[in-house]
Amino acid sequence: MITATVEARDNYLTHEYGVKSWLLTKDHKRIALLYLASITFFFFLGGIFATIIRLELLTPPGDLVSSQTYNKLFSLHGIIMVFLFLIPSIPATLGNFLVPMMLGCKDLAFPKLNLLSWYIFVVGGLFVLYAMLIGGVDTGWTFYVPLSTSYANTYVILTAVGVFITGFSSILTGLNFIVTVHRMRAPGLTWFRLPLFIWSTYATSVIQVLGTPVIAVTLLLVALERGFHLGIFDPALGGDPVLFQHLFWFYSHPAVYIMVLPAMGVVSELVSTYSRKKVFGYKFVAFASVAIAILGFLVWGHHMFVAGQSVYASMVFSMLSYLVAVPSAIKVFNWTATLYKGSISYDTPMLYAFGFIGLFTMGGLTGTFLASLGFDVHVTDTYFVVAHFHYIMVGGTMMAYLGGLHYWWPKISGRMYPEGWAKLSALVVFLGFNLTFFPQFIMGYLGMPRRYHAYPEEFQVYHVLSTAGASVLAVGYLIPAMYFIWSLRYGPIAPDNPWRATGLEWQTSSPPPPDNFEITPVVTHEAYDYSVVEEMTVG
Amino acid sequence: MAEHIVTKKQYAYVFVILLVLTLGTTVAGNMDLGPFNVVVALVIAVIKASLVVLFFMHVYWSTKLTRLVAVSGIAWLGLLLWLTLTDMISRGWLGVPGK
Amino acid sequence: MANHSLALRHQFEDVAQQKDASTLGMWIFLATEILFFGGMFCCYTVYRSSYPHAFGIASNHLEVLWGAVSTVVLICSSYFMACSVNSAATGYRKALVGFLVLTILLAVAFLVIEMSEWYLLYKEGLMPGVNFTYKGIDPGHVQLFFCMYFAMTGLHASHVTIGIVILIILAFRAYADVFTPAYYTPVEISGLYWHFVDLVWIFLFPLYYLIARHLQG
């Protein structure tokens with residue numbers, strides 16, 4: 001391994017100092033860190049709500065908090081985790097940091113717009129926080145009408161405006177990525193030489209750009225209806241509440257893919273690097289990302305099987321929903337095939353990647369259960385659904401996010417994290433996660449409805465298991481938070497390419513210089529060509 | 001990308017056609033064409049919109065990528081309308097028991 | 001800004017790449033805008049197909065003449081914007097400033113007409129949530145028509161307002177001689193935005209003013 005001489009070289013962290021240099025930065029790497037700090041804050045805030053929810057559910061009667069407070073807790077947990085953590089998680093942090101470096105360019109196409117996106121995100125977040133502090137919101141993250149427009153006595157408009165604003169942050173980030181991928185690739189970096197992380201981020205950006213405006217305008221209508229007592233979605237005045245759900249899920253179902261597609265991209269990178277093999281069926285994996293982005297827009301009606309949607313439409317949506325399983329399965333099979341006969345090393349990021357593949361598969365397969373009309377009617381609004389989407393979002397996205405954060409941490413910070421602790425935390429997260437959410441499949445199947453703060457005694461055993469798991473999971477998340485901060489000062493200095501990975505981001509120093517590369521790189525190989533790295537290390 | 005400068009004359013032709021079509025749609029709107037009022041109004045609107053997109057917005061001379069972006073925006077709006085309408089149109093097909 | 005090769009920002013390799021990127025960015029933004037308005041167009045389509053009769057009655061409360069005049073005003077404005085782009089590309093500064101000012105004036109005229117219409121509807125008691133006193137046939141669905149009318153024309157008017165602000169900044173920069181045939185991307189992409197605003201109105205006009213005109217009287 002090459003001995004690193006980080007101190008000697010100018011890098012993006014030491015290039016400028018002071019609060020102002022951070023708040024006015026146009027450097028995509030620094031903006032990524034601004035996002036990292038903000039979404040970590042929101043993650044732990046959302047986590048606190050989850051903790052109180054789990055504590056309340058420890059006992060059958062609703063004794064810890066009132067039912068109204070409980071409604072606010074799960075609403076804020078959902079809103080904060082979905083809009084302020086999961087949606088920006090991988091794209092805005094790892095994506096921002098990596099997209100220009102993987103493409104071999106100096107920055108995103110529109111650096112000022114990138115900074116603006118972060119400010120928009122913060123303003124939207126502040127709206128939600130302000131609503132939370134003065135009394136919260138109790139509609140659930142879905143803002144269903146007529147509850148949100150006519151009946152809720154909480155701060156719906158403020159929260160909706162907050163979500164509306166963060167939506168624009170998401171749109172502008174997506175726009176920036178699409179233009180960058182099209183126009184800023186290094187010489188020789190053709191579409192089929194791109195890392196799969198770029199393909200999946202690109203597909204995500206398409207969803208962000210084409211989906212987000214619809215929820216923005218829908219929330220605008222909700223705010224107008226509530227503010228001016230209109231009847232756009234109010235059945236008493238001739239409006240149609242089911243139409244609201246159509247518009248809401250047109251974005252919010254593809255939003256699931258905004259969360260999980262970048263995670264798939266991260267896993268492709270990890271699986272390849274730690275088995276030292278080219279990703280099996282590169283083109284299939286690449287096109288599967290695009291296919292998921294497109295098919296994801298055709299299936300939203302499966303959230304509305306019991307909402308009063310026409311049965312015939314439900315049948316169409318049910319059949320279309322199964323289609324999404326095809327590209328998802330292609331990905332899982334191809335990762336597994338990549339492992340075959342690879343020389344696998346079990347570093348921390350790889351442990352997270354394994355966790356992702358297993359948990360995503362379970363989350364995805366239970367998703368096909370839910371796509372089938374008959375079964376869905378049975379388990380709608382039960383913990384089965386809750387378990388299903390937490391397997392995708394926490395078991396999938398969160399696992400990949402942590403895996404990616406570990407994998408690129410040496411590049412981001414220039415320091416290594418403590419491997420022993422990291423492996424331990426990966427294990428704790430995996431065990432804690434399963435203990436939290438697996439019992440929820442069972443109790444949901446047995447009929448435990450979601451969003452209830454009191455429940456019959458026969459469900460208590462599952463809730464106790466789940467709460468126990470949640471506390472393990474919380475520990476699993478706190479350990480990395482601590483050793484990442486520790487490593488900033490005390491971690492061993494990271495070499496430029498600690499994992500001997502391919503990809504342009506590893507060819508520059510750790511941490512990278514302000515303009516990413518000393519000279520614009522020229523790409524002459526396909527992605528994941530490990531023979532090139534071996535040559536470089538030997539020769 | 002080859003630079004293409006559209007002349008003021010070309011713009012003026014399009015402009016005049018747009019004005020004529022506006023007049024046309026207003027006149028047609030005041031005649032009773034039965035169910036075809038909607039059709040005529042929308043067809044004229046689509047023609048006008050296409051003229052603006054193709055000539056004022058230079059899509060006629062633009063790259064494939066720009067066209068793809070424009071078409072995707074419209075196609076996704078189509079998806080939204082199409083799948084929402086599958087529900088709205090078929091809502092009443094199955095009678096409600098007891099009603 | 002005297003030397004326009006300096007207008008190249010550091011992340012780009014050359015001017016062509018920068019121009020391409022800006023134009024593509026604007027088009028993607030417009031695709032977003034299509035769906036932003038699209039959500040409301042979807043509501044309109046669903047409600048109009050469900051309650052054609054009520055929508056017909058309500059539509060006849062709008063003044064078709066003013067709708068047509070607004071359309072003409074906006075198309076003229078769009079035409080002058082196109083001429084601005086042409087002047088910028090061919091390097092006629094005075095023509096550029098002149099056309100931009102014409103574009104802005106017509107945009108303001110459009111807003112004045114629209115706000116007068118709003119005011120008249122308000123006086124007539126046809127503004128849901130503020131002053132709605134309609135007691136005729138099917139008031140619920142007539143209310144729905146006017147909710148969608150004000151929401152959509154309001155969203156459109158907010159875009160016109162933003163457009164005016166952008167065009168004023170552009171006119172001042174053009175007056176300061178910032179643009180040359182080698183660098184006029186801001187004029188071009190603002191033009192794209194402005195034509196899009198026109199485009200939305202091209203659909204709003206028939207959908208709200210014309211579609212039920214023949215049912216009148």
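Residues numbered from 1 in each chain as written. Chains lettered and ligands numbered in written order. Predicted model: local features only at pLDDT ≥ 70, side-chain atom pairs only at ≥ 80, totals over all residues.

Chemist: How should the overall build of chain C be read in this particular structure?
Modeler: Within chain C, the regular secondary structure consists of six helices and two strands. Listing the helices and strands of chain C from first to last along the sequence gives α-α-α-α-β-β-α-α. C-alpha extents for chain C along the principal axes are approximately 65 × 30 × 30 Å. Counting contacts in chain C only where the partners sit at least 6 residues apart, residues at least 24 apart contribute 77% of the total. (Helix = DSSP H or I, 4+ residues; strand = E, 2+ residues; numbered from the N terminus. Contact = placed C-beta atoms within 7 Å.)

Chemist: Looking at this structure, I do not really get the overall build of chain A. What am I missing?
Modeler: The secondary structure content of chain A amounts to 16 helices and zero strands. Its C-alpha atoms give chain A a radius of gyration of 23 Å, near enough to 24 Å, the size a compact globule of 539 residues would have. Taken along its principal axes, the extent of the C-alpha atoms in chain A is 75 × 45 × 45 Å. Looking at chain A as a whole, 58% of its 539 residues qualify as buried. (Rg over C-alpha atoms; globule rule 2.2 N^0.38 Å. Buried ≥ 20, exposed ≤ 12 C-beta atoms within 10 Å, placed from the backbone.)

Chemist: What exactly am I supposed to notice about the confidence of the model for chain A here?
Modeler: Should pLDDT be low for a region, the predicted coordinates there are not to be read in detail. Overall, the predicted model of chain A reaches an average pLDDT of 94, with 98% of residues at or above 70. Here residues 1–6 of chain A is a poorly scored stretch, pLDDT under 50, and it has 11 contacts once near neighbours within four places are set aside; other chains count. (pLDDT = per-residue confidence, 0-100.)

Chemist: Hey, could you run me through the packing of helix 3 (residues 67–103) of chain A against helix 4 (residues 111–134) of chain A in this one?
Modeler: When two helices pack together, you describe them by how their axes are tilted relative to each other and by the distance separating the axes. Residues and elements named next belong to chain A. At their nearest, the axes of helix 3 and helix 4 sit 12 Å apart, and the two run at 165° to each other. In this view, helix 3 runs roughly antiparallel relative to helix 4, as classed from their interaxial angle. The handedness of the crossing between helix 3 and helix 4 is left-handed. Between helix 3 and helix 4, the residues in contact are Leu76, Ile79, Ile80, Leu84, Pro88 and Asn96 and Asn114, Phe121, Gly125, Val128 and Met132, respectively. Split into classes, the residues belonging to the contact of helix 3 with helix 4 amount to eight nonpolar, three polar and no charged. (Axes fitted to C-alpha atoms, helices over the stretch in contact; angles between N-to-C directions. Parallel < 35°, antiparallel > 145°, perpendicular 65-115°, else oblique. Left-handed = near helix turned anticlockwise from the far one by under 90°. Nonpolar A, V, L, I, M, F, W, Y, C, P; charged D, E, K, R; others polar.)

Chemist: Got a minute to help me understand the interface of chain B and chain C in this structure?
Modeler: When the parts come together, some accessible area is lost, and that loss is often what is quoted as the size of the interface. Contacts between the two partners involve 41 residues from chain B, matched on the other side by 37 residues from chain C. Of all the secondary-structure elements, those providing two or more residues to the side of chain B that touches chain C are helix 1 (8–29), helix 2 (36–56) and helix 3 (64–90) of chain B. The element that contributes the greatest number of residues to the side of chain B that touches chain C is helix 3 of chain B, accounting for 13 residues.

Chemist: Help me understand unusual backbone geometry in this model?
Modeler: Generally, phi is negative for residues other than glycine and the peptide bonds are trans, each holding for most cases. All names here are of chain A. Pro146 follows Val145 through a cis peptide bond whose omega is -5°. Among the secondary structure elements, Pro146 is positioned in the loop between helix 4 and helix 5 (147–151). Residue Pro511 follows Ser510 across a cis peptide bond; omega there is -15°. Within the secondary structure, Pro511 is located in the loop between helix 15 (460–490) and helix 16 (530–538). Look at Asn516: it is not a glycine, yet its phi comes out positive at around 75°. Looking at where Asn516 falls in the secondary structure, it is placed in the loop between helix 15 and helix 16. Accessibility expressed as a C-beta count within 10 Å gives 25 for Asn516, which makes it buried. In the Ramachandran plot, Tyr528 falls in the positive-phi region, its phi being about 60° despite a non-glycine side chain. Mapping Tyr528 onto the fold places it in the loop between helix 15 and helix 16.

Chemist: Quick question: what am I supposed to make of the interface of chain A and chain B here?
Modeler: On the side of chain B, 13 residues touch chain A, which itself brings 14 residues to the contact. When contributions to the side of chain A that touches chain B are tallied by element, the ones reaching two or more residues are helix 7 (196–228), helix 8 (241–275) and helix 10 (311–339) of chain A. With four residues, helix 10 of chain A is the largest single contributor of residues to the side of chain A that touches chain B.

Chemist: Is there a simple way to think about the environment of Ile134 of chain A in this case?
Modeler: Checked against the element boundaries, Ile134 of chain A lands in helix 4. Counting along the chain gives 20 residues from Ile134 of chain A to Thr154 of chain A, while the straight-line C-alpha distance between them is 9.4 Å.

Chemist: Sorry, what's going on with helix 8 of chain A here?
Modeler: It helps to recall that an α-helix has 3.6 residues per turn; residues three or four apart then point in one direction. All names here are of chain A. An ideal rise of 1.5 Å per residue puts 51 Å on 35 residues; helix 8 measures up with 51 Å between its terminal C-alpha atoms. Largest kink in helix 8: about 35°, centred on Trp249. The buried fraction of helix 8 amounts to 34 of the 35 residues, a majority that puts the element mostly inside the structure. Positive backbone phi, at 50°, marks Arg276, one or two positions downstream of helix 8. (Expected span 1.5 Å × (residues − 1). Bend = angle between axes of the 7 residues up to and from the residue.)

Chemist: Teacher, can you tell me more about the confidence of the model for chain C here?
Modeler: All names here are of chain C. Put simply, chain C has an average pLDDT of 92, and 95% of its residues get 70 or more. Low confidence marks residues 1–6, where pLDDT is under 50. Its contacts with residues over four positions away, or in another chain, come to six contacts. For this predicted complex, the interface score ipTM comes out at 0.93, while the overall pTM is 0.94.

Chemist: Just to check I follow, could you spell out the nonpolar core for this structure?
Modeler: If you look at soluble globular proteins, the nonpolar side chains tend to sit buried side by side. In terms of nonpolar packing, the biggest core is built from 281 residues, with Val267 and Phe356 of chain A together with Ile28 and Met148 of chain C touching the most fellow members. Domain assignment of the residues forming this core places at least three in each of domain 1 (1–57) and domain 2 (62–91) of chain B. (Core = buried A, V, L, I, M, F, W, Y, C linked by C-beta atoms within 7 Å. Domains from an automatic or database assignment.)

Chemist: I keep staring at the environment of Lys135 of chain C and nothing clicks. Help me out?
Modeler: All names here are of chain C. By the secondary structure assignment, Lys135 is in the loop between strand 2 (131–132) and helix 5 (139–175). Among the residues examined, Lys135 registers 8 C-beta atoms within 10 Å and is labelled exposed. Lys135 sits 120 residues away from Val15 along the chain, and the two C-alpha atoms are 62 Å apart.

Chemist: Before we go on, may I ask you to explain the packing of helix 2 (residues 28–56) of chain A against helix 4 of chain A in this structure?
Modeler: Residues and elements named next belong to chain A. Their axes nearest at 10 Å, the elements helix 2 and helix 4 cross at an angle of 10°. It follows from the interaxial angle that helix 2 and helix 4 lie roughly parallel. Handedness of the crossing formed by helix 2 with helix 4: left-handed. Only Pro111, Asn114, Leu115, Trp118, Phe121, Val122 and Gly125 of helix 4 make contact with helix 2, whose side of the interface consists of His28, Ile31, Leu34, Tyr35, Ser38 and Phe42. Partitioned by chemical class, the residues of the contact of helix 2 with helix 4 number nine nonpolar, four polar and no charged.

Chemist: Just checking my understanding: could you explain helix 6 (residues 185–210) of chain C for this structure?
Modeler: Residues and elements named next belong to chain C. Taking 1.5 Å of rise per residue, 26 residues should cover 38 Å, and helix 6 covers 37 Å from first to last C-alpha, within 8% of that figure. If you look at helix 6, its biggest bend is around 25°, right at Leu204, and the proline Pro206 turns up within four residues after that. Most of helix 6 is tucked away, with 22 of its 26 residues classed as buried.

Chemist: Honestly, the environment of Gly469 of chain A in this entry has me stumped. Any pointers?
Modeler: Residue and element names in this part refer to chain A. Positionally, Gly469 belongs in helix 15. C-beta crowding within 10 Å serves as the criterion here: with 21 such atoms nearby, Gly469 is assigned to the buried category. For the pair Gly469 and Asn434, spaced 35 residues apart in sequence, the C-alpha to C-alpha distance is 7.3 Å.

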